[in-house]
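Close look at the chain arrangement
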Amino acid sequence: MKDSLLIEGKQYISTSRAAEIAGYSKDYVGQLCRSGKLDCRMIGRNCYVEEASILKHKNESLKPNQTVF
């Protein structure tokens with residue numbers, strides 16, 4: 001499985017990579033995809049997450065006084 005794809009000018013990454021970036025479990029990233037909270041695409045049997053959408057979700061889920069480095 002490839003780690004990233006470019007689809008319609010957007011960078012999509014594997015759910016494993018998205019989980020690493022956000023500090024979430026792979027299962028939680030899958031749950032977010034299924035619930036429509038992330039921009040995801042199924043390519044064959046593999047799900048890819050738009051990199052910007054996982055970063056946006058992570059930033060929005062932080063408490064107001066927390067920052068991301």
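An account of the accompanying structure is given in this report.

Rules and cut-offs
Each chain carries its own residue numbering, running from 1 in the direction its sequence is written. In keeping with the model being predicted, local features are shown solely for residues with a pLDDT of at least 70 and side-chain atom pairs are shown and tallied solely at 80 or more, while totals for entire chains, interfaces and linings include all residues. The side-chain numbers reported here are obtained from all heavy atoms of the structure, hydrogens and water having been left aside. By nonpolar core is meant a set of buried Ala, Val, Leu, Ile, Met, Phe, Trp, Tyr and Cys residues that side-chain atoms within 4.5 Å join together. The cut-offs for exposure are 20% and 50% of the maximum accessible area for each residue type, with area from a 1.4 Å probe on protein chains only; residues under the lower value are buried, those over the upper are exposed, and the others partly exposed. Here a strand is any run of E in DSSP of at least two residues, a helix any run of H or I of at least four, and the numbering for each starts at the N terminus. The contact rule is simple, with two residues in contact once any of their heavy atoms fall within 4.5 Å. Throughout, disulfides are identified as pairs of cysteine sulfur atoms within 2.5 Å of each other.

1. Focus on the nonpolar core
Core analysis: the biggest nonpolar cluster contains twelve residues, these being Ile13, Ala18, Ala19, Ala22, Tyr24, Val29, Leu32, Cys33, Leu38, Cys47, Val49 and Ile54. Elements with a minimum of two residues in this core: α1 (15–22), α2 (26–34) and β4 (46–50). Leaving out residues up to four positions away in the same chain, isoleucine 13 has contacts with Asp3, Ser4, Ala18, Ile21, Cys47, Tyr48, Val49, Glu51 and Ile54.

2. Topic: the state of the cysteines
Going through the model one piece at a time under the given rule, you end up with one disulfide. Between the sulfur of cysteine 33 and that of cysteine 40 lies a disulfide, 2.2 Å long from S to S. Between cysteine 33 and cysteine 40, the S-S dihedral sits near -65 degrees, and the bridge is therefore left-handed. A relative accessible area of 14% places cysteine 33 in the buried class. Cysteine cysteine 47 is unpaired, with the sulfur of cysteine 33 as its nearest cysteine sulfur at 3.9 Å.

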